[in-house]
Amino acid sequence: DAKTTQPNSMESNEEEPVHLPCNHSTISGTDYIHWYRQLPSQGPEYVIHGLTSNVNNRMASLAIAEDRKSSTLILHRATLRDAAVYYCILRDGYDKIIFGKGTRLHILP
Amino acid sequence: GAVVSQHPSWVICKSGTSVKIECRSLDFQATTMFWYRQFPKQSLMLMATSNEGSKATYEQGVEKDKFLINHASLTLSTLTVTSAHPEDSSFYICSAAHEQYFGPGTRLTVT
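Just so you know, these numbers come straight off a predicted model, no measurement behind them.

### What to know about the overall build of chain A
- In terms of regular secondary structure, chain A is built from 0 helices and 9 strands.
- Going residue by residue from the N terminus, the α and β elements of chain A occur as β-β-β-β-β-β-β-β-β.
- In terms of overall size, chain A behaves like a compact globule, its C-alpha atoms giving a radius of gyration of 13 Å where 109 residues would be expected to give roughly 13 Å.
- With respect to the principal axes defined by its C-alpha atoms, chain A has extents near 40 × 30 × 25 Å.
- Counting only residues that meet the buried cut, chain A has 41% of its 109 residues in that class.
- Of all intrachain contacts in chain A linking residues separated by at least 6 positions in sequence, the fraction that spans at least 24 positions is 57%.
- Of the roughly 5900 Å² that chain A leaves accessible, carbon and sulfur atoms contribute 47%.
- On chain A, the mean spot of the 11 positive side-chain charges and the mean spot of the 12 negative ones are 5 Å from each other.

### Details of the interface of chain B and chain A
- Opposite the 17 residues of chain B that make contact, chain A presents 18 residues.
- In total, about 1300 Å² of surface goes out of reach between chain B and chain A, with carbon and sulfur atoms giving 54% of it.
- For the interface between chain B and chain A, the tally reads 1 salt bridge.
- Scanning the region where chain B abuts chain A turns up 4 residue pairs in polar contact (both at pLDDT 80 or more).
- Contributing elements (two or more residues each) for the side of chain B that touches chain A: β4 (32-38) and β9 (90-96) of chain B.
- In terms of residue class, the side of chain B that touches chain A is made up of 8 nonpolar, 5 polar and 4 charged.

### Things to note about the confidence of the model for chain B
- Per-chain confidence: chain B averages 93 in pLDDT, with 96% of residues scoring 70 or above.
- Within chain B, the element-level pLDDT minimum falls on strand β10 (residues 101-102) of chain B, averaging 92, and the maximum on strand β11 (residues 106-110) of chain B, averaging 98.

### Examining the nonpolar core
- Counting 24 residues, the largest nonpolar core has B:Trp35, B:Phe67, B:Leu79, B:Val81, B:Tyr92 and B:Leu108 as the members making the most contacts within it.
- Counting residues in each nonpolar core, the second largest holds 21 residues, with A:Leu39, A:Ala78, A:Ala84 and A:Cys88 among its members.

### With respect to the pairing of strand β4 (residues 45-50) of chain A
Residues and elements named next belong to chain A.
- Where strand β3 (residues 31-38) and β4 come together, 5 bridges link them in antiparallel fashion. The residue of β4 that forms the bridge with tryptophan 35 is isoleucine 48.
- Between β3 and β4, which pair antiparallel and follow one another directly, the connecting turn spans 6 residues, one of which, serine 41, has a positive phi of 60°.

What counts, and where the lines are drawn
Residues numbered from 1 in each chain as written. Chains lettered and ligands numbered in written order. Predicted model: local features only at pLDDT ≥ 70, side-chain atom pairs only at ≥ 80, totals over all residues. Heavy atoms only, no water. Helix = DSSP H or I, 4+ residues; strand = E, 2+ residues; numbered from the N terminus. Rg over C-alpha atoms; globule rule 2.2 N^0.38 Å. Buried < 20%, exposed > 50% of the residue type's maximum accessible area, 1.4 Å probe, protein only. Contact = heavy atoms within 4.5 Å. Areas by Shrake-Rupley, 256 points an atom, 1.4 Å probe, with all protein chains shown as cover. Lys, Arg positive; Asp, Glu negative; His and termini not counted. Charge placed at Lys NZ, Arg CZ, Asp CG, Glu CD. Buried area = accessible area lost by both parts, 1.4 Å probe. Salt bridge = Lys/Arg side-chain N within 4 Å of Asp/Glu carboxyl O. Polar contact = N/O pair within 3.5 Å; in protein donor to acceptor, adjacent residues only side chain to side chain. Nonpolar A, V, L, I, M, F, W, Y, C, P; charged D, E, K, R; others polar. pLDDT = per-residue confidence, 0-100. Core = buried A, V, L, I, M, F, W, Y, C linked by side-chain atoms within 4.5 Å. Pairing = 2+ DSSP bridges.

The structure is reproduced here in structure tokens:
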């Protein structure tokens, strides 16, 4: 799997938008960009994925750079329940997932 | 949506004993399931790929004789930690459906 680079941790205030960056400069043309998150003491949860175009769902938005070498997960209005570790992962089809260290998001009340 | 369950959610066992963890897909069939291990403050580490009706595929460095995987049906995979030791204490997580769905995890403590 191509590698991704994420900040170790980020902080955000409750009810404000959060932008979680991910760099993947060695991404290949067939790699999809996936985001998962893991709440404390739980298994990971799928958030969103995309290939080239920006994507929106009920949980978040995914903004993908035109050259696909970076992407940003956007939580439009963070709540305390969004405090988790967020993982940015590249997958070619249904290749097994290899998790990196992710970004630990702290939400301040 | 699809759900993956694990049982038990937590278990404490004595050193030298074996413990079995179940992973079930509740409303779909899964020919392939994945097993991960996660130590405190660390990321998930893929241990093995469980294939229904055939042998599991283990990642490099994972002892297949210590971590026995059985995928006897399309909805159930089991991970047995044999002769457990304190260093096997960890959070074990399974996933299914091309890893879109993860189980809630099983916390194993070996005393």
